[in-house]
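# Close look at the chain arrangement
So you can see what is in the structure, the chains are spelled out below.
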Amino acid sequence: MVAGAWFCLLAPLAGALAITLAGERISRRQAGLVSTLTTFAAFGGALVAFVAMWAREGAEREQLSTAYTWLAAGDFEVGLQILVDPLSAVMMLVVSGVGGLIVWYSLGYMAGDDEERRYFAYMSLFVFSMLLLVEAGNLLLLLVGWGLVGLASYLLIGFWHHRPEAVAAAKKAFVMNAIGDATFALGLVLLVWQARTLELPAVLEEADGLSGTIVTLVALGLLGGALAKSAQLPLHTWLPDAMEGPTPVSALIHAATMVTAGVYLLVRAHPIFEAAPDVQHLAAGLGAATLLLAGLVALVQWDIKRVIAYSTMSQIGYMFLAAGIGAYGFAIFHLVTHAFFKALLFLAAGVVIHHLAGEQDIRRMGGLRAALPRTHVAFLVGTAALVGLPPLAGFWSKDAILASALASGGALGWTLFSAGLLGALLTGAYAFRLYYAVFHGAPPEVSPEPHGPEAAHEPAHGEGPLSMLVPVGALTVLSTLGGLLSVPGVWHPFTHWVSETAEALVEPSTGEDYLTSLVAVTLGLAGLWLARRAFASGRQLVTSPVAWRALEHKLYFDELYDALFYRPAAALAGALRREVEEPVVERSLDELGAGTLELGGGVARVQSGLLRTYALAVALAVFVLVLVFVAVR
Amino acid sequence: MLTTALIVLPVAGALLVAALPLTRVGSAGLAFLVALLEVGLWVVAAARFDFDAGGLQLGTTREWVESLGISYAVGFYGFSLWLAGAAVIVFAAAIGYALWAGRDRPRAYHALMLFLTGAVVATFAAQDVLLFYVAFEAMLIPLYVLVGVWGGERRLVATLTFVVYTMAGSLLMLAAVVAFGVTQGTFSLAGSGTSDNTWIFLGFAVAFAIKAPLFPFHGWLPLAYRQAPVEVAAVLSAIVSKTAIYGFLRIALPKFPEPADELSVVILLLAGAGLVYGSLLAFRAPDLRGIVAYSSLAQMGLITLGVFAVDDLGLDGAVLQSVNHALVSASLFLLVGMVERRCGTGDLAALGGMARGRPVLATVLLVAGMIALAVPGSTTFAGEFLIMAGVYGQGWGYAAIVAVGIVLAAMYTLRLISAVLHVRPGPAVREETLDLRPGELALVLPLVVCLLGLSAWPALVSQSSFPGNDPVRALAEELG
């Protein structure tokens, strides 16, 4: 079990190293193959670990394995260690499985790009980092994985680094995540002082014994990290811009895996959040707010990838909501099904973008049903799964979250429940708006100059090579059947498995489940109907110009943060340079130096200047010495 | 004897380089050879060092001026051995860079660099305050000349500013050394006890604050780092600054426990202010050297926070971070020098787009930059986390300042990386501008490999810096 997990972790690292060190000695295609094969090898390792765990019982399923002491100071030690338990096993399978499919897809998608080797090295680095995050046996190592996925994300968002937009987006993502990393680290510092260890699960058992204030601060620190990584309010502004990266990157990092790491953290560290219920509820509330905000903004986006990006924010909002009310199993369940159908949507969108030579604006798309029949089916399945229509994957997982909100009751439960239902309506509307705009209607006149980061691509007629079709097909199947792992009133193998690590706080009754499904599906279909009606009549879903403008500006968060943080910091730094550093610190001695130089005169300036200073210095020294002796006596 | 050999070898090398009538390449090559031998000698010393045992090791003591209690006493503790190790490695890279870049009057230049190496090692090894003072001062003379003669356009002003600042510090320290020796009856660090005299403590502390430099004693830094030859700037920020940290760890803290405790708030506040101030200025600096220079100011503030946390985690973190910063800062300065040589300028507005077609430069700069901004998993991250955790004991505000520093470091480092590598090529970057040559790579790569190795196992340094891995007790009992 442990060996499988170690193999799973190290295989992608070996892949990244091999590609980097081989350089131009291997062909681009070989680099892609190395990356794909090592990722699938990791999936093999994860399977071995999973099957071995399956055969065990109870406490046997949880094992901590330490390679060596990574960091030590005083009596504080942090090992390079992994924790293999039901939760990390699920995450390993998802990360390496979906990761393998997407890296495989990249073989076809990135073919012909100048720097494929760099791309595949980064992808392997990402898969390794993400596996480190989910397997980490202590919170500091978790933070290491946390930071390294951020690094890989930075590298891949800015992959086309000749584009100013891509570089700016990459920097924005890194800095936003650095804020999260910093609060995460502060939380860990508090834990170090309280518990003197960060080892899982021992450190979590300390949570009960901590004072209310301390545990609240720790939980806030962790939540800050989770909000930044998962692009939730108020640290969400980097994700839409991150779509500057290649489309498979958006699928893997900014949809299926990395951005859901915040949910993983909330579930992994649930004893800390349970000891600080206010913070846990805050997470749920922010999730609900994000799912609504992102759903609204998605209604007015024109970029195919940005619509899907906002839907990702919105769906992660559901997961935060679930984790915040203690429905841990369903949060992870939705994480898994979302990984399937959101990766599917992005990869299908990638086929569309390729077909149109890099075009991403949905106003220049339409009627692609005929040209891309298989992609059309895949995209439709992804869209329906996203909206939560039965029997597709999203239906089972999303409705379970809503039913849990209903079951948790109280003012909070009802508010969250209502927000989630409203979100279902919005999802139906924006998801089918996108679907109709891309696949129905009349094909637009061929755009002469495609815009967007991938505009350099040659138009690829047809649906791409086998390496792209097979992953899309596999994800279509998973998006269709993946939800059957938990059927209300029938069986719950998935949530039961996760509950061994994180016991749920709420359990909806079968009645609540069916009631919720009825309402949520109706609302999703209503959204579909709205989108269809608007499409048929050629109108937009948002008709008020004021609302349109506000949503187009993403409710002015970028402008607000610019005015609140960036500009004051830049102004302060500029002022310090102009008002303090240059006149006071630098120039004061400039003049003294110049004066001494003049005294020296001629070619011998340096020497005489030095000598005079020395003479002055010696005189001063004697003076100070006398003073000191007087003082000491 | 090994410690003495580590001091004597570069000094003898300096005399040899100055005396032998070798060609330009010959004298530079000889100097590089001596610097490499010095690294080898340090490896032997580290192999003989018993990190578990504790106490002063590899020591030599000879009476010097018996009547005054002055002795030639040298030797290493764990932390000073690591600092010396970082020093000899950085000096080898710097001297190699000078060989590659080709400096005028190479005999004088390389003799001075080797002499400087010896003086730095002597400073880290000194176990007598007067010897420490002599070594500390001996570093300055070659530095004055190296900046003043081989520096850029405004080298004279830079040198004079540097002289005035460091002389002021030296005078205070001389007074403090004499007062300490007289009151203790001996200058030996091992033989003397502790002192509760605030003024003597301040004399040492201010001298170290200028040398590090700490905010607001850094007036000499921007000019010196910009005007010095780039490898001298590397040595200044990477190594010379660490002699101040050694001074804090070996003298200011253990010998003056009470004054250090009383004044630690002031020092912590200044260090925290310097961390934020340096980071902000690095974020707005218009040139490559400005960014690296002010980031060094910030890093010295961070390390000082760790030292004056006077906590196991803070002290171990400070030593680890000192070694890290030495390697990071040297790598960055040398890379800056390589970019400046190609483009004729370090002006950010004139650079850009160098990643395309120059994969080696892009990769090395990216790796060094990511370690500089303390990406989680790097050894700098490990050091920063320990310091953050350690200084929390002095007040949560200090830990919060370190957290702010993490975000600002990301901002200014990414700015540097992008300004060199990304978007369109700037006016100073031509199509035929070269990638890193194998010779240049051979100089930077060892530093980066050391950093990656430490990232895989930062405990190597952090757990062996103080005897028994118990820094606070070691400061109070063994060093005090």
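Refer to the preceding data block for the structure.
Throughout what follows, the structure given in this document is the object of discussion. Predicted model, so just to flag it, every value in this text is computed and none were measured. (Residues numbered from 1 in each chain as written. Chains lettered and ligands numbered in written order. Predicted model: local features only at pLDDT ≥ 70, side-chain atom pairs only at ≥ 80, totals over all residues.)

## Structural notes on the overall build of chain A
Scanning chain A for helices and strands turns up 25 helices and two strands. Among the 633 residues that make up chain A, the fraction classed as buried is 58%. Taking as baseline every contact in chain A between residues at least 6 positions apart, the subset at least 24 positions apart corresponds to 81%. (Helix = DSSP H or I, 4+ residues; strand = E, 2+ residues; numbered from the N terminus. Buried ≥ 20, exposed ≤ 12 C-beta atoms within 10 Å, placed from the backbone. Contact = placed C-beta atoms within 7 Å.)

## Focus: the overall build of chain B
Counting its regular elements, chain B contains 18 helices and two strands. For chain B, the C-alpha radius of gyration of 21 Å lies close to 23 Å, the compact-globule estimate for 480 residues. Along the longest, intermediate and shortest principal axes, the C-alpha atoms of chain B span 65 × 60 × 40 Å. Counting only residues that meet the buried cut, chain B has 67% of its 480 residues in that class. Of all intrachain contacts in chain B linking residues separated by at least 6 positions in sequence, the fraction that spans at least 24 positions is 80%. (Rg over C-alpha atoms; globule rule 2.2 N^0.38 Å.)

## Considerations on the packing of helix α11 (residues 288-308) of chain B against helix α14 (residues 379-392) of chain B
Residue and element names in this part refer to chain B. Across the interface, α11 lies against α14 with an axial gap of 8 Å and an inter-helix angle of 50°. One finds that α11 runs oblique with respect to α14. The two elements α11 and α14 cross, and the hand of that crossing is left-handed. Together, L302, L305 and G306 of α11 and E384, I387, G390 and V391 of α14 make up the contact between the two elements. Among the residues making up the contact of α11 with α14, the classes are represented as four nonpolar, two polar and one charged. (Axes fitted to C-alpha atoms, helices over the stretch in contact; angles between N-to-C directions. Parallel < 35°, antiparallel > 145°, perpendicular 65-115°, else oblique. Left-handed = near helix turned anticlockwise from the far one by under 90°. Nonpolar A, V, L, I, M, F, W, Y, C, P; charged D, E, K, R; others polar.)

## Notes on the pairing of strand β1 (residues 57-65) of chain B
All names here are of chain B. The pairing of β1 with strand β2 (residues 70-76) spans six bridges and is antiparallel. Counterpart to Q57 in the pairing with β2 is F76. The antiparallel hairpin formed by β1 and β2 contains four residues in its connecting segment, where G69 sits at a positive phi of about 75°. (Pairing = 2+ DSSP bridges.)

## Examining unusual backbone geometry
Put simply, L233 of chain A and P234 of chain A share a cis peptide bond, and its omega is 0°. Residue P216 of chain B follows F215 of chain B across a cis peptide bond; omega there is 0°. Despite not being glycine, K554 of chain A shows a phi value in the positive range, around 55°. In this structure, K554 of chain A sits in the loop between α23 (545-552) and α24 (557-600). Backbone geometry at V423 of chain B places phi at a positive 60°, although glycine is not the residue there.

## Notes on helix α10 (residues 257-284) of chain B
Look at α10 of chain B: 39 Å from first C-alpha to last across 28 residues, which is about the 40 Å you get at 1.5 Å a residue. Bending of α10 of chain B peaks at approximately 55° at the position of L263 of chain B. (Expected span 1.5 Å × (residues − 1). Bend = angle between axes of the 7 residues up to and from the residue.)

## Re the interface of chain B and chain A
Facing 66 residues of chain B, the contacting portion of chain A comprises 61 residues. Within the residue set of the side of chain B that touches chain A, elements represented by two or more residues are α5 (129-150), α6 (155-184), α8 (221-227), α10, α12 (312-343), α14, α15 (396-421) and α17 (459-462) of chain B. The biggest single contributor to the side of chain B that touches chain A is α6 of chain B, with 14 residues. Of the residues belonging to the side of chain B that touches chain A, the class tally is 46 nonpolar, 14 polar and six charged.

## Remarks on the nonpolar core
Within the largest apolar cluster, 452 residues are counted, with the highest numbers of intra-cluster contacts made by A343 of chain A together with V90 of chain B. With sequence-adjacent residues up to four places away left out, A343 of chain A is seen in contact with V98, I102, A251, A255, A256 and L475 of chain A. (Core = buried A, V, L, I, M, F, W, Y, C linked by C-beta atoms within 7 Å.)

These figures capture arrangement, not role.
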